[in-house]
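A closer look at the structure
Here is how the chains run, residue by residue.
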Amino acid sequence: MLGRLAVRQAVRCSKASIKPVNTHQLCLRNFSAIRRLSFVAGAQCRPYHTTANMLHRTARGEHGMAACGNPSAAVKFERLPTFAEPTHYNVRLSPCLNQFSFDGHATIDVTIKEATDVLKVHAQSLLIQSVSLITQPGDASKSLETSYDDKLNILTIKLPTTMQPQKVQLDFKFVGELNDKMRGFYRSQYKDKNGTEKFLASTQFESTYARYAFPCFDEPIYKATFDVTLEVENHLTALSNMNVISETPTADGKRKAVTFATSPKMSSYLVAFAVGELEYISAQTKSGVEMRVYTVPGKKEQGQYSLDLSVKCIDWYNEWFDIKYPLPKCDLIAIPDFSMGAMENWGLVTYREIALLVDPGVTSTRQKSRVALVVAHELAHLWFGNLVTMKWWTDLWLKEGFASFMEYMFVGANCPEFKIWLHFLNDELASGMGLDALRNSHPIEVEIDNPNELDEIYDSITYAKSNSVNRMLCYYLSEPVFQKGLRLYLKRFQYSNAVTQDLWTALSEASGQNVNELMSGWTQQMGFPVLKVSQRQDGNNRILTVEQRRFISDGGEDPKNSQWQVPITVAVGSSPSDVKARFLLKEKQQEFTIEGVAPGEWVKLNSGTTGFYRVEYSDEMLTAMLPDIASRRMPVLDRFGLINDLSALLNTGRVSIAQFVQVAASSAKEDEYVVWGAIDEGMSKLLACAREMSEDTLKSAKQLVVKMFEQTGAELGFAEQAGEDSQKMMLRSLVQARLARAGHQPTIDKFTQMFNDFLEKGTPIHPDIRLATFGVVARYGGKEGFDKLMNLRETTTFQEIERQTMVAMSQTPEESLLAQLFEYGFEKNKVRPQDQLYLFLGTGATHMGQQYAWKYFCEHIKEFLDKYGGANSSLFQRCLKFAGESFGNEKRAVEFQDFFCNCNVLSDTDRQTLARPIGQTVEAIRLNARLLESNRQIIENLLKQSNV
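Every chain is numbered independently, its residues counted from 1 as its sequence is written. The predicted origin of the model limits local features to residues at a pLDDT of at least 70 and limits the giving and counting of side-chain atom pairs to 80 or more, whereas totals for whole chains, interfaces and linings rest on all residues. Computation of side-chain values: all heavy atoms of the structure, hydrogens and water removed.

The next subject is helix α5 (residues 461-477). Labels follow the DSSP assignment, with helices taken as runs of H or I lasting at least four residues and strands as runs of E lasting at least two, numbered in each case from the N terminus. Working rule for helices: expected span equals 1.5 Å times residues minus one. Over its 17 residues, α5 extends 22 Å from the first C-alpha to the last, a length consistent with the 24 Å expected when each residue adds 1.5 Å. Burial analysis of α5 places 15 of its 17 residues in the buried class, which makes it a mostly covered element. Taken from the residues just after α5, Ser478 is the one with a positive phi, measuring 90°. Only protein chains enter the calculation, and the probe is 1.4 Å; a residue is then buried if its accessible area is under 20% of its type maximum, exposed if over 50%, and partly exposed in between.

To continue, consider the UniProt feature "site: Transition state stabilizer" in the protein. UniProt positions are given in the numbering used here, feature names are shortened, and annotations may be inferred rather than shown by experiment. In the UniProt entry, the feature "site: Transition state stabilizer" is given for Tyr463. Tracing the sequence through the fold places Tyr463 in helix α5.

Looking now at the UniProt feature "binding site: substrate" in the protein. Per the UniProt record, the feature "binding site: substrate" sits at Glu206, Gly341, Ala342, Met343, Glu344 and Asn345. Spanning 140 residues, the annotated positions come together in the fold, the maximum distance between their C-alpha atoms being 13.0 Å. Here Met343 shows up in strand β19 (residues 342-343). Take Glu344: it is sitting in the loop between β19 and β20 (348-352).

This part is about the sheet that holds strand β3 (residues 116-122). We call two strands paired when DSSP finds no fewer than two bridges between them. The strand order across the open sheet built from three strands is β3-β7-β6, with neighbouring strands paired in antiparallel fashion. In this open sheet, the two strands that pair with only one neighbour each are β3 and β6 (145-149). The average angle at which neighbouring strand axes cross in this sheet is 30°, direction not considered. Bridge count for β6 against strand β7 (residues 154-163) is five bridges, and the pairing is antiparallel. Residue Thr146 lies in a different strand from β7, and its bridge partner there is Ile157. Here, axes are lines fitted to C-alpha atoms. For helices the fit covers the stretch in contact, and angles between N-to-C directions go from 0 to 180 degrees.

On to the sheet that holds strand β11 (residues 225-233), then. Sheet strands line up and pair through hydrogen bonds in the backbone, either parallel or antiparallel. With mixed pairing, eight strands are arranged side by side in an open sheet as β5-β4-β8-β2-β1-β11-β14-β13. The open sheet has two edge strands, β5 (142-143) and β13 (244-249), and neither has a second partner. Pairing geometry for strand β4 (residues 126-134) and β5, over two bridges, is antiparallel. Paired with Leu133 across the bridge in β5 is Lys142.

This part covers the environment of Asn153. Mapping Asn153 onto the fold places it in the loop between β6 and β7. Considering only alpha carbons, one finds Asn153 and Ala355, 202 residues apart in sequence, at a separation of 32 Å. Here a residue-residue contact requires only that any non-hydrogen atoms of the pair lie within 4.5 Å. Non-local contacts of Asn153, meaning those with residues more than four positions away in its chain, are made with Val121, His122, Ala123, Gln124, Tyr148 and Arg211.

Values of pLDDT, the confidence the predictor places in each residue, fall between 0 and 100. The predicted model of the protein has a mean per-residue pLDDT of 91, with 92% of residues at 70 or higher. In this model residues 4-66 is a low-confidence stretch, pLDDT under 50, and it forms 542 contacts with partners more than four residues away in sequence or in other chains.

Quick look at the pairing of β13 now. Regular strands place their side chains on alternate faces of the sheet. Of the strand pairs in this sheet, β13 and strand β14 (residues 255-260) are connected by five bridges, and their pairing is antiparallel. Its bridge partner lying in β14, Thr248 is registered against Ala257. Between β13 and β14, which follow one another and run antiparallel, lie five residues, and Gly253 among them has a positive phi close to 75°.

Any two rings among Phe, Tyr and Trp, with Trp reduced to its six-membered ring, count as a pair given centres within 6.5 Å; such a pair is stacked if its planes are under 30 degrees apart, edge-to-face if over 60, and tilted if neither. Applying the stated criterion to the full structure yields 63 aromatic pairs. Above the ring of Phe551, the side-chain terminus of Arg614 is found at 5.7 Å from the ring centroid. To sit over a ring, a charge needs its Lys NZ or Arg CZ within 6 Å of the ring centre and within 35 degrees of the ring normal.

Of all the seven residues making up strand β18 (residues 329-335), seven are buried; the element is thus mostly covered by neighbouring parts of the structure. Where burial is concerned, the two faces of β18 agree: the one with Lys329, Asp331, Ile333 and Ile335 and the one with Cys330, Leu332 and Ala334 are both buried. Two elements, strand β17 (residues 290-295) and β18, share five bridges in a ladder whose sense is parallel. Counterpart to Val293 in the pairing with β18 is Leu332. For the handedness criterion, the strands are oriented away from the viewer, and a crossover whose path from the first strand over the helix to the second runs clockwise is classed as right-handed. Handedness of the β-α-β unit built from β17, helix α1 (residues 304-321) and β18 comes out left-handed. Of the pairings in the sheet, the one linking β18 to β20 comprises five bridges and is parallel in character. Note on β20: the bridge partner recorded for Leu332 is Val349.

The extent of an interface is frequently quoted as the accessible surface area lost upon association of the parts. Boundaries between domains were set according to an automatic or database domain assignment. Annotation of the protein at the domain level lists domain 1 (77-277) and domain 2 (279-526). Of note, the centres of domain 1 and domain 2, computed from C-alpha atoms alone, are 27 Å apart. The interface is formed by 36 residues belonging to domain 1 together with 43 residues belonging to domain 2. Salt bridge criterion: a side-chain nitrogen from Lys or Arg within 4 Å of a carboxyl oxygen from Asp or Glu. For the interface between domain 1 and domain 2, the tally reads one salt bridge. In protein, a polar contact means a hydrogen-donor-capable atom and an acceptor-capable atom, both N or O and within 3.5 Å, with residues adjacent in sequence counting only if both atoms are side-chain atoms; elsewhere, any N or O pair within 3.5 Å suffices. Scanning the region where domain 1 abuts domain 2 turns up 15 residue pairs in polar contact (both at pLDDT 80 or more). Amino acid classes used here: Ala, Val, Leu, Ile, Met, Phe, Trp, Tyr, Cys and Pro are nonpolar; Asp, Glu, Lys and Arg are charged; the rest, including Gly, are polar. When grouped by side-chain class, the residues that make up the side of domain 1 that touches domain 2 number 18 nonpolar, 12 polar and six charged.

A separate point is the nonpolar core. In this structure, Phe214, Tyr317, Ile568 and Phe857 are the most contacted members of the largest nonpolar core, which totals 312 residues. Residues lining this core come from more than one domain, with at least three contributed by each of domain 1 (77-277) and domain 2 (279-526). Among residues more than four places away in sequence, those in contact with Ile568 are Leu531, Val546, Ala581, Arg582, Phe583, Leu585, Phe592, Leu605 and Tyr613. Think of a nonpolar core as a cluster: buried Ala, Val, Leu, Ile, Met, Phe, Trp, Tyr and Cys residues, connected wherever their side-chain atoms sit within 4.5 Å.

It is worth spelling out helix α17 (residues 782-795) at this point. Look at α17: 20 Å from first C-alpha to last across 14 residues, which is about the 20 Å you get at 1.5 Å a residue. For α17, the set of buried residues is Gly782, Gly785, Phe786, Leu789, Met790, Leu792 and Arg793. In a view along the axis of α17, the buried residues occupy a sector of 160°, so they form one face of it. Counted as exposed and oriented over 90 degrees from the buried face of α17: Glu784 and Thr795. Buried positions along α17 lie against α15 (745-761), α16 (770-780), α18 (799-809) and α19 (815-827). Throughout, the arc means the angular range of directions from the helix axis out to the C-beta atoms.

Set out below in structure tokens:
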């Protein structure tokens with residue numbers, strides 16, 4: 001499931017989690033984002049420490065939110081007892097799209113393993129009409145008494161006597177709601193081509209929402225087979241995990257009962273239904289699997305790209321994993337309202353429309369590549385997650401981290417036009433490090449007690465860090481050995497459950513190495529190392545002294561004195577594209593000798609930026625690399641890694657903004673989008689600090705940016721050139737957008753002209769530069785420009801353009817217009833709840849926007865809680881973070897923290913649930929303040945020396 005905004009930072013965001021964010025390119029993956037909440041390319045709005053790529057969690061003990069409320073009053077979590085388990089479900093639901101309700105009948109075959117006088121199942125928001133017991137086939141059922149714990153969602157069923165181990169059947173009749181909270185069995189609204197409001201019903205059961213649809217053992221270890229029947233109106237399409245085996249009319253002839261084949265053994269969170277007026281396109285894989293893409297009427301042709309890709313994907317994974325996809329069909333369906341990015345239900349994969357549908361003439365390159373990643377991510381789950389499932393949510397990374405890695409493996413091998421491994425560096429590696437550098441991070445293997453904590457761990461640790469650690473291990477072991485280990489793991493645990501140690505055992509067997517010893521530090525403890533390296537020459541040998549410590553963004557000490565086994569690769573100036581040496585750092589400090597390195601030749605650690613660690617070089621070592629950075633002789637992956645490390649070190653105080661600018665200036669001839677993105681992120685920190693200092697300082701800082709970017713902008717121009725690859729247009733957008741935000745009037749005028757020509761003459765704007773264009777109109781076009789963007793949002797039928805107009809309008813410098821936008825989106829509900837968080841994204845671009853967004857969140861927190869279904873909603877938590885993270889002083893940090901301690905609409909359980917997101921945001925605000933104070937005088941001197 002993608003939980004990445006993409007932004008898999010939207011953003012991995014799978015809950016397309018949310019993905020990464022930088023000041024030019026906003027992609028919540030995770031997705032992820034957000035990992036990945038689906039994705040917006042090119043938002044130019046986040047200042048300071050760009051924590052939007054670090055969505056969610058914060059450790060309670062180390063340095064986070066001060067204790068407030070009464071933690072002991074929070075509900076103690078209870079898992080289902082282990083004395084019984086389900087083996088088969090028969091579920092019959094009759095949804096009514098007019099009344100937003102459904103009637104339900106479910107029977108569960110249960111194996112009692114120990115003597116007991118009660119059975120327990122999960123149920124939530126269901127009116128249970130009756131519960132009965134059948135002990136022998138053909139016997140009369142016995143009505144049973146029940147009690148319910150509405151905090152634990154556990155229905156306790158009192159048996160007529162103490163029952164010894166045996167097989168029984170529970171029978172439930174119930175009524176449920178097709179809710180509007182995008183969880184459980186819920187309704188989604190859209191308009192048809194005539195503007196008539198329509199509804200469909202769909203599901204989101206991960207992590208603990210199957211219990212909204214039918215009573216069940218709603219924990220991943222309880223795998224069972226499922227028979228599903230949906231009773232629907234005759235004109236509607238009904239879908240579930242398996243293929244249809246019969247359709248029969250009901251007695252009155254007004255409805256039909258659609259019965260599906262029995263599913264494989266699977267966890268309850270993977271069950272899925274969809275009911276509505278749907279259309280589809282289809283194709284078949286080489287192995288005979290029927291692939292279909294379903295949409296609301298009028299959009300099926302936009303599913304062609306994903307359909308073609310999904311066919312390739314199943315065939316490719318069949319071969320790569322050496323296990324055939326076991327179901328006869330796999331449907332991909334685009335749902336108008338969807339809280340995450342996508343969800344890997346076995347045989348019926350659900351997506352946000354924007355994460356599945358592509359219009360070749362309108363979809364940007366970045367968005368198209370993200371669609372490819374999300375499709376590949378969800379289909380990788382058919383093996384990692386569905387076939388083999390984690391025993392408990394502590395090992396969520398076992399499915400999300402590997403689906404995230406496999407999406408890049410597939411897209412890298414099958415869609416070379418996207419150069420996806422270049423984007424991996426920012427969208428995954430840097431995103432994961434961004435969150436994990438906070439004291440309020442969490443381990444990959446994170447202890448989960450209360451399911452209310454689950455939404456917040458669909459973040460850049462579970463997706464991006466896990467993904468990056470997998471990549472590091474794959475490079476260390478080699479791809480053939482890594483693949484052999486994964487195949488062994490999947491075959492050993494298919495149709496069953498596993499824990500992390502099971503994976504390490506399989507990889508150890510495949511490699512002959514102790515993978516558990518190597519990797520446990522990376523998954524069981526927070527953070528990652530920074531390697532401080534110095535050198536000396538000994539004849540023709542270079543001797544490196546390498547010291548590791550935990551990288552913490554505030555530059556302080558690690559109270560746990562963490563240590564890792566770090567696979568180190570080394571490149572040298574005489575052969576920059578080759579790995580000259582490999583080492584494994586096991587101690588706090590070690591010396592390594594590289595033979596055959598001439599004096600004066602540069603040496604760089606983390607060749608290819610494959611390791612999940614940062615490197616801090618001595619001045620001598622860094623200076624030696626500058627010429628080959630400038631000439632681009634150093635490979636692009638290494639140029640990105642070096643500049644991204646320097647940008648991250650800014651916050652620690654170990655690198656100054658002046659030092660970063662020196663390296664950035666040496667990259668004046670840079671021609672790669674991802675490297676310019678790393679430069680742009682570092683320069684955005686300069687601008688954000690300058691804005692806090694004075695208007696004159698900000699003006700001078702903008703002039704410095706123009707000086708650095710102007711030549712490249714002039715060379716690139718605005719129009720796509722024949723023969724360019726996809727990266728060039730994205731680079732053009734990034735550079736021109738930065739020039740416009742720096743106040744470069746010729747660039748602003750050009751963007752304005754492009755927008756007017758689009759509206760007045762129908763001249764198309766290239767999709768890759770469209771958001772940059774909208775952003776200029778919102779920032780410099782006043783009310784007239786704002787109204788034009790609003791009209792465009794109202795009249796477009798394409799979600800990417802809808803979202804881009806929202807992100808652009810949120811950057812307006814005029815408070816009255818921002819108030820109009822928030823009223824439009826939140827109070828008039830003209831923006832879908834899944835997308836409302838994007839209204840916060842651009843507000844950090846101005847002091848006014850920062851303050852307005854925060855004040856609005858505080859005043860409307862109750863409405864946000866009601867709208868998104870409570871404090872454990874990832875949508876609520878993202879709005880919370882976006883509302884505060886761009887502040888930059890201690891007063892604001894205290895204000896933010898105190899608000900949640902004293903907010904009377906939050907319960908103590910809510911505060912416990914929100915402790916990590918709040919702690920992370922407070923830490924981010926303090927990092928912004930620290931960056932400013934440590935660089936205030938440096939910036940003043942830099943701007944004087946630069947003659948701007």
